[in-house]
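Spelled out, the chains give:
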Amino acid sequence: MVCGLKPALGGDTMNTSLEKLDRLCQGLRLDAFGAAEVDNKLGDGMTPLETVTAFLEFQYQHKQDRAAALRVKNARFPRIKTFKEYDFSQQDGITAEQMKRLCDFTWLEQAFNIVFLGAPGVGKTHLATALGYEAAIMGYTVGFITLEELVRLLKTSEISKPNQTRLNRLRRANLVIIDEMGFMPVSRAEAHLLFSFISACYEHKSLVITSNKSFDDWADFLGDAVIATAILDRLIFKCEIFNLTGDGYRIRHRQTIL
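Residues numbered from 1 in each chain as written. Predicted model: local features only at pLDDT ≥ 70, side-chain atom pairs only at ≥ 80, totals over all residues. Heavy atoms only, no water.

Brief notes about the sheet that holds strand β3 (residues 175-181)
Ordered by their spatial adjacency, five strands build an open sheet running β2-β3-β4-β1-β5, and the pairing between neighbours is parallel. One side of each edge strand has no neighbouring strand; the edge strands of this open sheet are β2 (142-146) and β5 (239-243). Averaged over neighbouring strand pairs, the angle between their axes works out to 10° when direction is ignored. Both strand β1 (residues 113-117) and strand β4 (residues 206-211) contribute to a ladder of four bridges, which runs parallel. Across the sheet, the residue bridging to V115 is I209, located in β4. Across the sheet, helix α6 (residues 124-137) lies against β1, β2, β3 and β4, angled at about 160° from β4, the strand it touches most. (Pairing = 2+ DSSP bridges. Helix = DSSP H or I, 4+ residues; strand = E, 2+ residues; numbered from the N terminus. Axes fitted to C-alpha atoms, helices over the stretch in contact; angles between N-to-C directions. Contact = heavy atoms within 4.5 Å.)

Some words on the side chain of S157
For S157, the location among the structural elements is in the loop between α7 (147-156) and α8 (161-172). The class for S157 is buried, based on a relative accessible area of 11%. Apart from the residues lying within four places of it in its own chain, the contact partners of S157 are N163, Q164 and L167. (Buried < 20%, exposed > 50% of the residue type's maximum accessible area, 1.4 Å probe, protein only.)

Thoughts on helix α9 (residues 188-201)
Two residues of an α-helix separated by three or four positions point the same way, owing to the 3.6 residues in each turn. A rise of 1.5 Å per residue sets the reference length of α9, with its 14 residues, at 20 Å; its end C-alpha atoms lie 20 Å apart and thus fit the reference within 8%. Within the span of α9, buried status applies to E190, A191, L194, F197, I198 and C201. Looking straight down α9, one finds its buried side chains confined to an arc of 120°; they lie on one side. Opposite its buried face, α9 presents the exposed residues R188, A189 and A200, each directed more than 90 degrees away. One or two positions beyond α9, positive phi appears at E203, with a value near 65°. (Expected span 1.5 Å × (residues − 1). Arc of directions from axis to C-beta.)

Set out below in structure tokens:
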């Protein structure tokens, strides 16, 4: 019942109307459904206004879904993780309710940061990825990167166009997730590059950091106590910190031969 006229149209007239609607949709790049499929989805007895409204709602939702999928793809998550998959019962340092509250993203609008600290395997990357995924679905641009990758981009962006493109995308993102902070030491020169990146984000965008090192140990892996203090000063000024405890997932669920 395209335009609310389905009951009054014969077969040939209906086909002509659907073909015309298809051409119009293509011209307007409204490609959620073909005209015939839309016609089947709409209910009988709808007024012309109701028909047009329902049709545009289909198209709008389709565009929203495609945009969200593109944001998730561009975030470059290593894999998709959700909060439903995380076992909060095994973790004293964080609750499902806290994560639910973070998903209103008021903190992101205010350029607050989130830090997940804890031993390997406690779910830091899982939680950071799930939070980033929810942000992307909600309409925010997100970038996920490990510290090792970020340092490489910062060192090579001036001589590598692809690396420069990716670094610029991170700089434009609403939310940047830096994973594995502290897993590998960095040189003093690299620490200075990292400081410049975090300083540029300060109070302009939100960062989510995962680290297996307590803040007291950051001077060691950064190789410079002054730079470590400066980075932490900017990172934790507006920040929510979660200290995850307990045995890691892989230890609890290790597989054995016998």
